[in-house]
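Structural overview for review
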Amino acid sequence: MFNLFIHTTSKTVLTEYGQVTKSLEGEGLFIRDETTVITPISGLLKIEVPEGKKVKASTLVAKVENNNREYKLYNHESGLISYYVDGLESTLNPKELEQLTYRYFQKIRYKINQVQNGDKLNSGRPVFKVINNFSLYLVMPISKTKTYLFESGMGVNFKLTEYSNNKFNAHVKEIITSQDKNLLVLQVKKFIPLFAKLRKIDVKLIRSSYNGIVVPVSALVNKNSKTGVLVSKNDTFTFNEVKVLSKNQERAIVKGISLGVKVLKEPKEKMGG
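The text that follows walks through the structure, step by step, so that each part is easy to find.

Cut-offs used in this document
Residues numbered from 1 in each chain as written. Predicted model: local features only at pLDDT ≥ 70, side-chain atom pairs only at ≥ 80, totals over all residues. Heavy atoms only, no water. 1 Å grid on protein atoms, 1.4 Å probe; cavity = no way out; pocket = protein on both sides within 12 Å on 5 of 7 lines; lining within 4 Å. Points joined across faces, edges and corners; volume = space filled by probe spheres on them. Helix = DSSP H or I, 4+ residues; strand = E, 2+ residues; numbered from the N terminus. Nonpolar A, V, L, I, M, F, W, Y, C, P; charged D, E, K, R; others polar. Pairing = 2+ DSSP bridges. Core = buried A, V, L, I, M, F, W, Y, C linked by side-chain atoms within 4.5 Å. Buried < 20%, exposed > 50% of the residue type's maximum accessible area, 1.4 Å probe, protein only. Salt bridge = Lys/Arg side-chain N within 4 Å of Asp/Glu carboxyl O. Contact = heavy atoms within 4.5 Å. Polar contact = N/O pair within 3.5 Å; in protein donor to acceptor, adjacent residues only side chain to side chain.

**Considering the layout of surface pockets**
The volume enclosed by the largest pocket comes to roughly 490 Å³. Every residue lining the largest pocket is counted, 19 residues in all, and those nearest its centre are T21, K22, S23, N248 and Q249. Among the secondary structure elements, those contributing two or more residues to the lining of the largest pocket are β3 (16–38) and β16 (200–216). Here the element with the most residues in the lining of the largest pocket is β3; it accounts for six residues. Partitioned by chemical class, the residues of the lining of the largest pocket number six nonpolar, five polar and eight charged.

**Points about the pairing of strand β7 (residues 69–74)**
Direction of pairing for strand β6 (residues 60–66) relative to β7: antiparallel, over a ladder of six bridges. When the sheet's bridge partners are listed, N66 is paired in β7 with R69. With antiparallel pairing between neighbouring strands as the criterion, β6 and β7 make up a hairpin whose turn holds two residues, including N67 at a positive phi of roughly 55°.

**Concerning the nonpolar core**
Grouped together as the largest cluster of nonpolar side chains are 27 residues, with contacts concentrated most on F30, F150, F158, L160, L186, F195 and L205. Put simply, the parts of the chain that give this core at least two residues each are β3, β12 (126–142), β13 (155–160), β14 (168–176), β15 (182–188) and β16. Take this core: its biggest share by element is five residues, from β12.

**Digging into the pattern of salt bridges**
All chains considered together, the criterion is met by 11 salt bridges. Notably, a salt bridge pairs R251 with E16, separated by 3.4 Å at the nearest N-O pair. Of this pair, R251 sits in strand β21 (residues 251–255) while E16 sits in strand β3, and the two are 235 residues apart along the sequence. Here K129 ties to E89 by a salt bridge, and the two come within 3.6 Å at their closest N and O atoms. With a gap of 40 residues between them, K129 in strand β12 and E89 in the loop between β9 (84–85) and α1 (102–107) connect regions that are remote in the sequence. The same class applies to K129 as to E89, namely buried.

**Looking at the environment of N75**
Of note, N75 is situated in the loop between β7 and β8 (79–82). Overall, N75 belongs to the buried group, its relative accessible area being 0%. Between the C-alpha atom of N75 and that of S58, which follows or precedes it by 17 residues, the distance is 5.2 Å. Residues in contact with N75, not counting those within four places in the same chain, are V55, K56, A57, S58, T59, V61, F128 and V130. Among the polar contacts made by the side chain of N75, one reaches the main-chain carbonyl oxygen of K56 at a distance of 2.9 Å. Within polar-contact distance, the side chain of N75 engages the backbone oxygen of E77 at 2.7 Å.

See below:
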C-alpha cells in the first residue's frame, strides 16, 4: 500500500458487483430452412392455422374462396407456420450458406409482406411459409482482424437490440472467408416465433462475460509495474493493488478490493516511482 496525497477535483465511484461483457455489434442476417406456399386462384383468404403454430405435414393451413370455388392450401412438411413472407425464402437457405459472400450480404434487399384473414389475394400470391424450426442460422460480418476471436463449436450469446435484453444461445458453425470482411455463421439453439418474422437486424454478439467486483477502466493506474486503484479515505488517496480478471472499453472486473470502496474514477496526476 502506498499513501499518496493528491489534490484533485476528480469524482470518486464506489466499487460494485457487476458483469463485464466482451461483445461485437453489427448487422445480422437470419437464414432459415423454409418453403413458401402460393395460391393458384384469386379470392378471399380464410386462415385455419394461426401464426407461429407448429403443425404436422399435410395439415390444412388456409383456404382461398372465390364465389363457389374453394382452394385448400396444405403444408407438405411439418414445421412452424408464418404469414410473414419476404421473397428470400428460396435463395437464402442453409444449403446455400457456402455461397454467401460479404458483398452479397450488403446487397440484400427485401420487403416483408404479411397476409391476414379475410384479405383478397391475387393468384400466384405467396400465402404462408413452413419453417423447419430445428434449423436456424444467424450470419454476421466481422472484421478480418477479429476473426481469430472465434472458432468452430464455440458457444456465444446474442441480443436483438431492437426488441429486448433477452439473451439467446448459439454456437459457431463456421467462418466463411470473404472479401473485405469474413462472415461468422452461428447456429441458433432455440427457435422462437419472433425469429420467423425477421431477416436483417442489429445484433449484439456476446463473446464472453465475467462477474465480479467492477471498477471503471479509467480508475486503473500503474505504480512500480503494479496495477491498482486509488482508494479515497479522509481526503487521502491510497494505492490499492488489484488484479484485472477481465475488462472491456469501459469497465473492469478486479480482484484484491472489497465492495463499496470509494476509488478515484479518473486520476489526474501521474504516480511517481
